[in-house]
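One-letter residues, chain by chain:
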Amino acid sequence: MKVFSLYFKILRRSLPSIFIYLAVFTFIFAMIGAQTGGDKKQDKLTFSEVSVAVFDHEQSPLTQNFTQHLLSQTLEVNLPEDEESIQEALYSDKVNYVLIIPEDFSENLAKDQDTLQLKTYSSGQTSSITFVDSLIESYFSNWKIIEWSFGGEVAPRDMELALSRLDEVLQTKPTSSLISGHDTDDIVQLQYFFAVMNYVVIANLFVIVGDPVVAMEKKEIKERDISAGYPERKRTSQIFLAAYILSICLWLVLMLINLILVKPNLQAEASGYLFLSSFICLIANASWALFLVHLFNNANANAFLANVLSLLVAFSAGIFVPAEFLWPPFHKFAVIFPSYWDVQNQFDLPGILGSGQSLAPYYRNLAVMVVMAVLFFCLTLVRRRFNQKALAEI
């Protein structure tokens, strides 16, 4: 295990950088935790108390059915429909969520089913916003399926039957503890923890993986190892093993910080799903970092990747800035990063469980991360073989 031991020996020089990133992460999340913790103490909200005002300007069978469904699971609030009254009601906590349905909503929905042309106002209560958003997404996701069952478009004569079938689907009651408000604040903190954790994981991975690999891939060190009886295949297996073990150790350290700062209820329904998504994302990010480090194989490039790529992912994937405030093409660009799919899971899962939606999107995101992990792993092997051939020709 000479190569394995050398990997750890080289990494010791990078320990100060690792500790700095961990300290920055702890500070960032401690501030987030203090804010959400304060909100938790001020207001213990259950979803049965989420107050909603709806203004339906279309008054079509679809929008009327949707409004009825939404208000059946929330508290209806009547407000004058003007900006000043809405803002005053939100500020005074008279209402948590205001929804305005435009006159041409159904027409726009038929043109673009991936974008809901709705105008919304909401208070600062994250759990309320997440819950109502999940109800809206659940309704129209199921409506899309109903439309497909009618050939892609529901004719006016079939509208009553289609809405009846939709009601049957939506009547399935979820058993999630989120729906009653239990553990809601804990889950909100936990999902933010895992999302922000992606930033420090990426920055540290390029230190944990990058510095030892760059040093060990130097010509003189490779030749010394091979002459000492360590063939390239054995070197590769030990380097990869060390990189993945240290990546998992990093994740475990961050989980310890999680337990100290968040004190999550590990028995909550969403906790296991969030932990699993985070761990798979770690493996995918480790494979991604291994590939990029082998691709550039330069200490200066490694420092650039650690600082710039971690920030690029944090902003484009919606970690530091909510996705709704990002330029859509910039946010879509983040799909090439494993963290994008994990962040989607972290922020969408509580709402999915709370509204009884299918977990298919969650498992799809996991599958994408697994594919990325395997793809980058294989590409790294190819790159190492290419580097070995180039070295042999020198």
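All values derive from a computational prediction rather than experimental measurement.

Criteria and cut-off values
Residues numbered from 1 in each chain as written. Predicted model: local features only at pLDDT ≥ 70, side-chain atom pairs only at ≥ 80, totals over all residues. Heavy atoms only, no water. Buried < 20%, exposed > 50% of the residue type's maximum accessible area, 1.4 Å probe, protein only. Helix = DSSP H or I, 4+ residues; strand = E, 2+ residues; numbered from the N terminus. Pairing = 2+ DSSP bridges. Phe/Tyr/Trp six-rings, centres within 6.5 Å; stacked < 30°, edge-to-face > 60°. Patch = residues over 30% accessible without salt bridge, like charges linked within 9 Å, V, L, I, M, F, W, Y side chains within 5 Å. Areas by Shrake-Rupley, 256 points an atom, 1.4 Å probe, with all protein chains shown as cover. Salt bridge = Lys/Arg side-chain N within 4 Å of Asp/Glu carboxyl O. Lys, Arg positive; Asp, Glu negative; His and termini not counted. Charge placed at Lys NZ, Arg CZ, Asp CG, Glu CD. Axes fitted to C-alpha atoms, helices over the stretch in contact; angles between N-to-C directions. Parallel < 35°, antiparallel > 145°, perpendicular 65-115°, else oblique. Left-handed = near helix turned anticlockwise from the far one by under 90°. Contact = heavy atoms within 4.5 Å. Nonpolar A, V, L, I, M, F, W, Y, C, P; charged D, E, K, R; others polar. Expected span 1.5 Å × (residues − 1). Arc of directions from axis to C-beta. Core = buried A, V, L, I, M, F, W, Y, C linked by side-chain atoms within 4.5 Å. pLDDT = per-residue confidence, 0-100. Polar contact = N/O pair within 3.5 Å; in protein donor to acceptor, adjacent residues only side chain to side chain.

Caption draft 1: The pairing of strand 3 (residues 97-101), seen in detail. Where burial is concerned, most of strand 3 is hidden: five out of the five residues are buried. Alternating residues of strand 3 divide into Y97, L99 and I101 and V98 and I100, and every residue in both groups is buried. Of the pairings in the sheet, the one linking strand 1 (residues 51-56) to strand 3 comprises five bridges and is parallel in character. Counted as the bridge partner of V52 is Y97 from strand 3. With four bridges connecting them, strand 3 and strand 4 (residues 119-122) associate as antiparallel partners. The partner of Y97 across the bridge, within strand 4, is S122.

Caption draft 2: Structural view of the packing of aromatic side chains. Here the structure, examined in full by the defined rule, presents 15 aromatic pairs. Residues F333 and F337 carry aromatic rings whose centres are separated by 5.6 Å and whose planes lie at 85° to one another, so their mutual orientation is edge-to-face. On the basis of relative accessibility, which here comes to 38%, the residue F333 falls in the partly exposed class. By relative accessible area, F337 is classed as buried at 4%. Among the aromatic side chains, those forming a connected cluster through ring pairs are F66, F105, Y139 and F140.

Caption draft 3: View of a negative patch on the surface. Together, E81, D82, E83, E84 and E88 line one region of the surface with negative charge. Examined against the element boundaries, E84 turns out to sit in helix 4 (residues 83-91). On the accessibility criterion, E84 (64% relative accessible area) is exposed.

Caption draft 4: Examining the packing of helix 3 (residues 61-72) against helix 7 (residues 159-170) more closely. Remark: helix 3 packs on helix 7, axes separated minimally by 11 Å, with the N-to-C direction vectors making an angle of 20°. One way to sum up the angle between helix 3 and helix 7 is to call them roughly parallel. Both helix 3 and helix 7 take part in a crossing whose hand is right-handed. For the pair formed by helix 3 and helix 7, the contact residues are P61, L62, N65 and H69 on the first element and M159, L163, L166, D167 and L170 on the second. Looking at the contact of helix 3 with helix 7, its residues break down into six nonpolar, two polar and one charged.

Caption draft 5: How the structure looks around helix 7. Taking 1.5 Å as the rise per residue, helix 7 with twelve residues should run 16 Å; its terminal C-alpha atoms sit 16 Å apart, in good agreement. Those residues of helix 7 that fall on the buried side of the exposure criterion are M159, A162, L163, L166 and L170. In a view along the axis of helix 7, the buried residues occupy a sector of 95°, so they form one face of it. Pointing more than 90 degrees away from the buried face of helix 7 are the exposed residues E160 and E168.

Caption draft 6: Just the nonpolar core, in detail. Counting 75 residues, the largest nonpolar core has Y7, M197, F206, L254 and W288 as its most contacted members. Apart from residues lying up to four places away in sequence, M197 is in contact with F25, W251, L254, M255 and S278. Core analysis: the next-biggest nonpolar cluster, separate from the first, contains 27 residues, F105, F140, V154 and M159 among them.

Caption draft 7: Representation of the environment of F140. Note that F140 resides in helix 6 (residues 126-149). Residue class for F140 comes out buried when judged on its relative accessible area of 7%. Dropping the residues within four chain positions of it, F140 is found in contact with L62, F66, F105, L109 and L116.

Caption draft 8: The packing of helix 11 (residues 232-261) against helix 12 (residues 269-296), seen in detail. As a packed pair, helix 11 and helix 12 sit with axes 10 Å apart at the nearest point and diverge in direction by 140°. The orientation of helix 11 relative to helix 12 falls into the category oblique. Crossing hand, helix 11 versus helix 12: right-handed. Here F240, A243, Y244, S247, I248, W251, M255 and N258 of helix 11 come into contact with helix 12, specifically with F275, S278, F279, L282, I283, A286, S287, L290 and H294. Classifying every residue of the contact of helix 11 with helix 12 gives twelve nonpolar, five polar and no charged.

Caption draft 9: Just helix 11, in detail. Relative to the 44 Å expected for 30 residues at 1.5 Å per residue, helix 11 spans 43 Å between its end C-alpha atoms, a close match to the ideal helical length. Taken from the residues just after helix 11, K263 is the one with a positive phi, measuring 50°.

Caption draft 10: Layout of the confidence of the model for the protein. Confidence in the prediction for the protein averages 80 pLDDT; 81% of positions are at 70 or higher. When mean pLDDT is compared element by element in the protein, strand 1 scores highest at 93, while helix 2 (residues 15-42) scores lowest at 64. Counting contacts from residues 36-47, a segment whose pLDDT is below 50, to residues more than four positions away or on other chains yields 22 contacts. Across residues 173-183 the pLDDT falls below 50, and counting only partners more than four positions away or on other chains, this stretch makes 27 contacts in the model.

Caption draft 11: Representation of the environment of T63 in the model. Tracing the backbone shows T63 in helix 3. Along the chain, T63 and E103 lie 40 residues apart, while their C-alpha atoms are 10.0 Å from each other. In this structure the side chain of T63 is engaged in a polar contact, spanning 2.9 Å, whose partner is the side chain of D56. Within polar-contact distance, the side chain of T63 engages the backbone nitrogen of S60 at 2.9 Å.

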